[in-house]
Every structure is written in C-alpha cells, then in structure tokens.
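Chains, contacts and geometry: an overview
Each chain, letter by letter, is given below.
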Amino acid sequence: MRNRFFAGLLTAALVDPDLVLITADLGFGAVDEFVAARPGQFLNAGVAEQNMAGLAAGIALGGARVFTYSIANFPTLRCLEQIRNDICYHRADVTVVAVGGGLAYGALGMSHHATEDLAVMRALPGMAVAAPGDPAETAAVLDDLLTAGGPAYLRLGKTGEPAVHAAAVHAPRGTSIPLGEGGEVLLCSTGAILDVTCRAAELLGRDGIRADVRSFPWLDPFDTAAIREAATRYAAIATVEEHSIVGGLGSAVAEVLAEAAAAVPLIRIALPAQSSSVVGDQDYLRGAFGLDPESISRRISTHLQERQTRLEAHRGLASQVR
Amino acid sequence: METASESTARAVRAHVLRMTSSGRSSHVGSALSCADVLAVLYTGVLRVDPADPRWPDRDRFVMSKGHAGAALYAVLAERGFFDEAVLHRHYQNGSYLSGHVSHVGIPGVEFSTGSLGHGLPVGAGMAWRARQTGRPWRTYVLLGDGECDEGSVWEAAMFAGHHELAGLVAVVDWNNMQSLGTCEETLRLEPFADKWRSFGWDVAEVDGHDHGALTGALDVPRGAEPGKPRCVLARTVKGKGVSFMENRVLWHYRPPSAEELERALEEVGAR
C-alpha cells in the first residue's frame, strides 16, 4: 500500500508543482524517489510533528496541496490540535498520511499501535477519513484526494498487503465497494484487514453461511445508504476493523442502524479498548485479539447459531402460550 | 506632532479598553502590551490592501498570541478592513469577534489562533511557500513571551533557522508577565536573545513602544534570498498606557469597570 501511495503521489507531483510532501523524518527508502525527482516539493520537518502540521497549513494556505507523512500515531495524535485548529478550521488542503495503521508495527510496542486514529480523525470537523483495504483501493482513494483535496486523513497499512481486487477500482469519497452479493450475512471491513475479512467470509461459506464482504475505504464521509440498504437485505451485519471498538467502523455502522431503527443484528469485531503490552507481528497480534479469519468466522457463526437457538426457543414458548 | 502609527496605537488602545469593558472580556493587559507593535506593522510595515484582503502577494501576519485578539480586530478596523462599529460585537452572543483570533467573517485576519504555540510553524510554512514559489510576501508572527514555553515554537524556530527563511519575522511581545506571574519566575526565558541566536536567527532587541525603533527592526528585505530569519524581542509593558493596569497580572483576566474605563480612556488620550 505504501509503495502504491508513493508511486501515485510522485506521478501527480511530476505534473503539479503545487503538490508538496512533508515528512517528520520518516520514510527511509520510501520517499527517496520523490525526493530525487522533485526536491523542491519535499520537506523534512524533522522529528517535529507539531511543526510539520503547522508548516503544512501555512504552505497549503499559500496555494499548495500538501501531504504530511509519518508512521502510526505520530502524524495524528502527536499534533492533533494543529490538525484541528490549523488545518481543519482553515480548510487547508492538507492530507495527513499515516503508514502502519492498526497493528502493522505490532512488535514495536504500544507506542506504535495506531488503534484509535480513525475514531479521533472522524471526530474532527471537515476531515475526510480514508482507510483503503488494498493497493488498488489505495490508488483509488489517492485519486480522489488529489482531485477533491483535504483536509483529509489517509490511513495506510504497510507494505506487502495482498491484492484483494484483481483490477483497478473506483472509490470516490463517501462510497463503499461491494465484493459479492446475495449472501445472508454482510461483513463490512475497513482498512488493510480487508483480505482477512474476505478469508473469514470464505470460511463461513464452507460452513454453509453465505457471506458477502463490503469494503469501506472511506469512514468520512460514510456510505450510510449502503448500510441502510444492507439492513433490509441481510440477516446480520458484522463489522471488521483493526482498530479500537470505540469510534471506528463498528461505531459508524451502529449509528446508522440505530437512527434507521433497523432490527438487523450487528456484530462488531474490533480490538478491545485497551493498550496492548504484548507484542508480536501483525498476524500474531490479530490472532491474539480475535482478528484472524478463523476467529472472525467463528464469532459470526456462533452469533448466528445462538440467535437461531433463541428464536426457536422463543417460538416454542410462544406456541405454549397459545 | 503625532505620527500615523502613534495615532493608530492610541485608537487601538481606546478600542481595546471599550471592547474589553463592554464585552466583559479578559486579556486587556495583553492587548495594550502589543498595541504599538500592531500599529507600526499595520501603518507602515505590512503590505496589505484593505480593499482586497486576500490579495495573493500580501504580507502575511499571524497573531500567534491569539488571546490579544481585541487588539488585532481594533487595528484592522483602524486600517480600514471593516467598519469600527463592528468592534462593539466583540464577545457578544452570535458574534464572530471571539476573544481569541478567528478569521471567519472578519476581513483581514490571516489566521485563527488561540491555543499558544501554533503561529510560528504556520508562519514558517507561509515563508517557505513564498520562497518556493518566488513570491515577494514577507511573513510576520507575533508571539507572547509566555507562549515561548511551548515546544512547538522551538520546533519552528529550529526549522526556520535551518532553512534560512529570511522572509520570516518573529516578534515577541516581551512584557515578562504570563498567567500566574513573571516569565522569569515561571520558566526562565533568559538568556532569551541568545536562545534565538543559537537557533540561527538574527535578533533585534528594541523598546516595544518606540515606533521608530520598531519600524527599523521590522523592516526586512523581500525576495527569495536565503538568510537568517529575524527575531524582534520587543521589550514591552503589560497594560501599557494605563497606569493602574501596567505590570499587573490581574489585567490578564479582569475587564475594566465603567469607572475604570473612563479613567483608562483619559490616560490613553481618548478623552
């Protein structure tokens, strides 16, 4: 995802002298090509994220479109107020890019687990929030960011994420991407955990539960219409995200369903709202927190079975009353 | 004979006293402290056009000590960006004229502030952009002295020194008073000038109420030539011009009563 992002950014920078990339001293090996090709459009703000966000606002208000870049929580939480006041309030054309969303830097420890970023960025006024699911979605989201501009937040995975989409996709802000239709359960997914969600859907299929996947590369604006429609078509909706249970995709879907007074059951699969002192690689930590394909499919099938049992018990009880 | 900047400063002080008194707002001492700096900037230094506030090549001014917003609104009205009658809306329900600087709905305000430590990074970005695009604008940032406790100020100071942003001027309103006492009691700033110099800045220490000295210190060349950014350490008096407000931290908070307003207006020559 990171490589696809930088390739797209460089392509745009080659034809747009007003595109500026600022890093807070991170991107070893990733920014080199950009720097070599467009040194006048690149800045290293130093290990100084507040400065980076403020610089970005000042440069953008002078007519540039600016991308700030760092890893995990540094470009977001470390300079949150600068993003809120300097970028969002001034509607500055700045896209904040974080690489290593979720547990991508799992072994580096709690400081590098970006697990509340979507919730916090979603809460900012005027901030578009994107978490593409694979390299193709990254390219599509970047196309939109380059066209419609910031303020925006782009959460990337790291590198080497499997391609879920076989071909290019179209994902203007506020849309979601269906992967399959006609199933009885819908698995909503955001961010780089998309391929895990797809594998969970396959496992459910082997158990006789037809599950569709819908990827949400945008959390803000959010495709509320897709959720409202899904509420009428599916027997259950599950959300899968490599993010805290608080404030991310599950919350966004719950808000839509609650306001629509939808009766469809919602299964929110996310990280618990706690810091992890245990480290490990991304796959290990996903497994430890129930975000591997097996755990996800088990969670959903168990939920459906329990619900079926409850419904049958209820029917049995009702018939006795009659 | 009063100069244009001196008469502007006097008018700004009168506006600020009336605004804080009728609005029951804080920070009158901070606003009086920087009235001369603002008057000098807006009468002779900044290249701005009240008829075209968003003129692309205008000089940029960022009021980083946003709590003295009343003084900025007052000087903008004096410079003709909007009618001074609007100033009466300061701090009122439904008004855009907030206690801290906001650009929305107020012509001439370059940037919204209020949380300290934001202005210098933004100003550095504006100055860098001028150089990158070969535009002639200069960027001025007015900081409070207590504001220099914020680490982000020094992040930007380091950046501007490293990149030799000669088109950037940081003015520190150095009245040596912050929220709970003097700066020296709170977090020592001295050796303040040496700090800026060590970050790669050219430093001018001036009397922040001497218009001639300010004018000289604030005038830096235009253009893209790299060179040291300029720091103007303006030695000021908090509450300047009103004897019972001068050097008293109380006036960081308290608005003048009707009776105090009359006395104060007389002292600043507005009666």
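Just so you know, these numbers come straight off a predicted model, no measurement behind them. (Residues numbered from 1 in each chain as written. Chains lettered and ligands numbered in written order. Predicted model: local features only at pLDDT ≥ 70, side-chain atom pairs only at ≥ 80, totals over all residues.)

1. Quick word on the interface of chain B and chain A
Listed per partner, the contact involves 18 residues of chain B and 21 residues of chain A. Where the side of chain B that touches chain A is concerned, the elements lending two or more residues are α5 (119-133) and α6 (151-162) of chain B. The element contributing the most residues to the side of chain B that touches chain A is α5 of chain B, with ten residues. In the side of chain B that touches chain A, the residues fall into nine nonpolar, seven polar and two charged. (Contact = placed C-beta atoms within 7 Å. Helix = DSSP H or I, 4+ residues; strand = E, 2+ residues; numbered from the N terminus. Nonpolar A, V, L, I, M, F, W, Y, C, P; charged D, E, K, R; others polar.)

2. Focus on the sheet that holds strand β2 (residues 42-44) of chain A
Residue and element names in this part refer to chain A. The strand order β2-β1-β3-β4-β6-β5-β10 describes an open sheet built from seven strands, whose pairing is mixed. Either end of the sheet is taken by a strand with one partner, and the two such strands are β2 and β10 (218-220). In this sheet, neighbouring strand axes are inclined to one another by 20° on average, regardless of whether the strands run parallel or antiparallel. Of the strands in this sheet, β1 (19-23), β2, β3 (65-71) and β4 (94-99) touch helix α3 (residues 49-60), which is tilted by about 170° from β3. (Pairing = 2+ DSSP bridges. Axes fitted to C-alpha atoms, helices over the stretch in contact; angles between N-to-C directions.)

3. As for the domain arrangement of chain A
Residue and element names in this part refer to chain A. Each assigned domain of chain A is listed with its residue range as follows: domain 1 (2-155) and domain 2 (177-310). At the junction of the two partners, domain 1 supplies 25 residues and domain 2 supplies 30 residues. Of all the elements in the fold, those that place two or more residues in the side of domain 1 that touches domain 2 are α5 (117-122), β5 (128-130) and α6 (135-148). In the side of domain 1 that touches domain 2, the residues fall into 13 nonpolar, seven polar and five charged. (Domains from an automatic or database assignment.)

4. Quick look at the pairing of β1 of chain A
All names here are of chain A. In terms of residue burial, β1 counts as a mostly covered element, since five of its five residues are buried. Burial of β1 is two-sided: the residues Leu 19, Leu 21 and Thr 23 facing one way and the residues Val 20 and Ile 22 facing the other way are all buried. Handedness of the β-α-β unit built from β1, helix α2 (residues 32-37) and β2 comes out right-handed. (Buried ≥ 20, exposed ≤ 12 C-beta atoms within 10 Å, placed from the backbone. Right-handed = clockwise from strand over helix to strand, strands pointing away.)

5. Some thoughts on unusual backbone geometry
In this structure, Pro 151 of chain A follows Gly 150 of chain A across a cis peptide bond, with omega equal to 10°. Following the sequence through the fold, Pro 151 of chain A ends up in the loop between α6 and β6 (152-155). Of note, the bond from Glu 190 of chain B into Pro 191 of chain B is cis; its omega dihedral lies within 30 degrees of zero at 0°. Looking at the secondary structure, you find Pro 191 of chain B in the loop between α7 (183-186) and α8 (192-198).

6. Examining the confidence of the model for chain B
Fine structural detail should not be taken from predicted coordinates in areas where pLDDT scores are low. Scored by pLDDT, chain B has a mean of 96; 100% of the residues are at 70 or more. Interface confidence for the predicted complex, expressed as ipTM, amounts to 0.97; the pTM equals 0.96. (pLDDT = per-residue confidence, 0-100.)

7. Quick word on the nonpolar core
Ranked by size, the top nonpolar core spans 185 residues in total, and within it Ala 56 of chain A together with Val 16, Leu 38 and Ala 71 of chain B carry the most contacts. There are two domains that each give this core at least three residues, and those are domain 1 (2-155) and domain 2 (177-310) of chain A. In this structure, Leu 38 of chain B is in contact with Val 12, Ala 71, Leu 72 and Val 75 of chain B, ignoring residues within four places of it in sequence. (Core = buried A, V, L, I, M, F, W, Y, C linked by C-beta atoms within 7 Å.)

8. Here's the deal with the pairing of strand β12 (residues 266-271) of chain A
Side-chain direction in a regular strand flips from residue to residue, so the side chains alternate between the two faces of the sheet. All names here are of chain A. Bridge count for strand β11 (residues 236-244) against β12 is five bridges, and the pairing is parallel. Following the sheet pairing, Ser 244 is matched in β12 by Leu 271. In the classification by handedness, the crossover that spans β11, the intervening helix α9 (residues 249-259) and the parallel β12 is right-handed.

9. Overview of the sheet that holds β12 of chain A
Strands in a sheet are paired, the pairing made by backbone hydrogen bonds, and the direction either parallel or antiparallel. All names here are of chain A. Pairing in this open sheet of five strands is mixed, and the strands run β7-β9-β8-β11-β12 from one edge to the other. Each edge of the open sheet carries a strand with a single partner, namely β7 (177-179) and β12. The average undirected angle you get between the axes of adjacent strands in this sheet is 20°. Sheet strands in contact with helix α11 (residues 293-321) are β8 (185-190), β11 and β12, and its direction is about 155° off that of β12.

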